[in-house]
Amino acid sequence: MVELGRVDICCEVSMMSLHLALPQVGHLKELYHVFAYLRKYHNSEMVFDPSEPIVDKGQFEEKD
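So, how was this worked out
Just so you know, the residues in each chain are numbered from 1, in the order the chain's sequence is written. Two thresholds apply to this predicted model, a pLDDT of at least 70 for residue-level local features and 80 or more for giving and counting side-chain atom pairs, whereas whole-chain, interface and lining totals are computed over all residues. Hydrogens and waters are ignored; side-chain quantities use all the structure's heavy atoms. Helix and strand definitions follow DSSP, with helices as H or I runs of at least four residues and strands as E runs of at least two, each counted in order from the N terminus. The globule rule used here is 2.2 Å times the number of residues to the 0.38 power, and the radius of gyration it is set against is calculated over C-alpha atoms. Surface exposure here means Shrake-Rupley accessible area, sampled with a 1.4 Å probe, where a residue is shielded only by the protein chains that are shown. Charge assignment: positive for Lys and Arg, negative for Asp and Glu; neither His nor the chain ends contribute. Charge placement uses NZ in Lys and CZ in Arg. For Asp and Glu, CG and CD serve respectively. We define a polar contact as two N or O atoms separated by no more than 3.5 Å, with the added condition that, inside protein, one atom must be a possible hydrogen donor and the other a possible acceptor, whereas residues neighbouring each other in sequence contribute only through side-chain atom pairs. Between Lys or Arg on one side and Asp or Glu on the other, a salt bridge is scored when a side-chain nitrogen of the former is within 4 Å of a carboxyl oxygen of the latter. Only protein chains enter the area calculation, which uses a 1.4 Å probe; residues under 20% of their type maximum are buried, those over 50% are exposed, and those in between are partly exposed. Note on terminology: disulfide denotes any pair of cysteine sulfur atoms within 2.5 Å. For a helix, the expected span equals 1.5 Å multiplied by the residue count minus one. What the arc describes is the spread of directions from the helix axis to the C-beta atoms. Patch membership needs two things, relative accessible area over 30% and no salt bridge, and members are linked within 9 Å if like-charged or within 5 Å if nonpolar (Val, Leu, Ile, Met, Phe, Trp, Tyr).

A. Here's a closer look at the overall build of the protein chain. When helices and strands are counted, the protein chain shows 2 helices and 0 strands. Relative to the 2.2 N^0.38 estimate, which gives 11 Å for 64 residues, the radius of gyration of the protein chain is 19 Å and therefore markedly larger than a compact globule would have. Over its C-alpha atoms, taken along the principal directions, the protein chain stretches across nearly 55 × 35 × 15 Å. Surface summary for the protein chain: the accessible area is close to 6,500 Å², and the carbon and sulfur share equals 60%. Positive and negative side-chain charges in the protein chain, numbering 6 and 11 respectively, have mean positions lying 13 Å apart.

Structural data, given as C-alpha coordinates:
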(Lines give C-alpha, C1' and ligand atoms only; values in the text may rest on other atoms or scores of the structure.)
Protein backbone atom coordinates (compact mmCIF):
# COMPACT_ATOMS: atom_id res chain seq x y z
CA MET A 1 0.00 0.00 0.00
CA VAL A 2 2.87 2.38 0.73
CA GLU A 3 4.28 1.85 -2.77
CA LEU A 4 0.87 2.73 -4.20
CA GLY A 5 1.06 6.17 -2.63
CA ARG A 6 -0.27 5.70 0.90
CA VAL A 7 2.50 7.60 2.68
CA ASP A 8 0.15 8.16 5.63
CA ILE A 9 0.78 4.57 6.77
CA CYS A 10 4.50 4.45 5.94
CA CYS A 11 5.66 4.59 9.58
CA GLU A 12 3.20 1.93 10.72
CA VAL A 13 4.17 -0.44 7.91
CA SER A 14 7.86 0.05 8.69
CA MET A 15 7.30 -0.68 12.38
CA MET A 16 5.27 -3.80 11.63
CA SER A 17 7.92 -5.10 9.21
CA LEU A 18 10.38 -5.25 12.11
CA HIS A 19 8.35 -8.11 13.59
CA LEU A 20 8.23 -10.40 10.53
CA ALA A 21 10.66 -12.91 12.02
CA LEU A 22 8.74 -13.42 15.27
CA PRO A 23 5.15 -12.15 15.02
CA GLN A 24 2.93 -12.06 18.11
CA VAL A 25 -0.85 -11.87 18.57
CA GLY A 26 -0.58 -8.18 19.44
CA HIS A 27 1.02 -7.47 16.07
CA LEU A 28 -1.98 -8.96 14.29
CA LYS A 29 -4.30 -6.73 16.31
CA GLU A 30 -2.25 -3.69 15.27
CA LEU A 31 -2.51 -4.76 11.63
CA TYR A 32 -6.29 -4.85 12.05
CA HIS A 33 -6.08 -1.21 13.15
CA VAL A 34 -4.11 -0.30 10.01
CA PHE A 35 -6.67 -2.03 7.79
CA ALA A 36 -9.53 -0.36 9.65
CA TYR A 37 -7.85 2.99 9.01
CA LEU A 38 -7.51 2.16 5.31
CA ARG A 39 -11.17 1.16 5.15
CA LYS A 40 -12.25 4.43 6.79
CA TYR A 41 -9.97 6.69 4.72
CA HIS A 42 -9.93 4.81 1.41
CA ASN A 43 -10.61 7.87 -0.76
CA SER A 44 -8.59 10.43 1.17
CA GLU A 45 -5.94 12.58 -0.43
CA MET A 46 -2.73 14.05 0.88
CA VAL A 47 -1.72 17.35 -0.70
CA PHE A 48 1.89 18.49 -0.70
CA ASP A 49 3.12 22.00 -1.42
CA PRO A 50 6.12 21.72 -3.78
CA SER A 51 7.28 25.29 -3.21
CA GLU A 52 10.39 26.07 -1.17
CA PRO A 53 9.74 27.52 2.31
CA ILE A 54 10.76 31.11 2.94
CA VAL A 55 13.47 31.08 5.63
CA ASP A 56 15.04 34.22 7.08
CA LYS A 57 18.68 33.17 7.55
CA GLY A 58 19.29 36.25 9.71
CA GLN A 59 17.39 34.57 12.56
CA PHE A 60 20.04 31.84 12.88
CA GLU A 61 23.41 32.25 14.56
CA GLU A 62 26.38 31.30 12.38
CA LYS A 63 28.55 28.46 13.68
CA ASP A 64 31.67 26.73 12.38
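B. Fine view of the environment of Lys63. Counting through the fold element by element, Lys63 comes out in the segment after α2 (25-40). Through-space distance from the C-alpha of Lys63 to that of Tyr32 is 48 Å; in sequence the pair is 31 residues apart. Engagement of the side chain of Lys63 in a polar contact is seen with the side chain of Glu61, the distance being 3.5 Å.

C. Layout of the pattern of salt bridges. All chains considered together, the criterion is met by 1 salt bridge. As a salt-bridge pair, Glu61 and Lys63 come within 3.5 Å of each other at their nearest N and O atoms. Each member of the pair, Glu61 as well as Lys63, is classed as exposed.

D. Seen up close, the state of the cysteines. Considering all chains together, one arrives at 0 disulfides under this definition. Of all cysteine sulfurs in the structure, the one in Cys11 sits closest to Cys10, which takes part in no disulfide; the separation is 7.4 Å.

E. Structural view of α2. When the terminal C-alpha atoms of α2 are compared, their 23 Å separation across 16 residues agrees well with the 22 Å that a helix rising 1.5 Å per residue should span. The set of residues buried in α2 consists of His27, Val34 and Leu38. All buried residues of α2 project into a common sector of 40 degrees when viewed along the axis, lining one side. Exposed positions of α2 whose direction lies more than 90 degrees from the buried face are Val25, Lys29, Tyr32, His33, Arg39 and Lys40.

F. Quick look at a nonpolar patch on the surface. Among the surface-exposed residues, Leu28, Leu31, Tyr32 and Phe35 lie close enough to one another that they form a single nonpolar patch of about 420 Å² accessible area. Position of Tyr32 among the secondary structure elements: in helix α2. Exposure remark for Tyr32: the relative accessible area of 54% places this residue in the exposed category.

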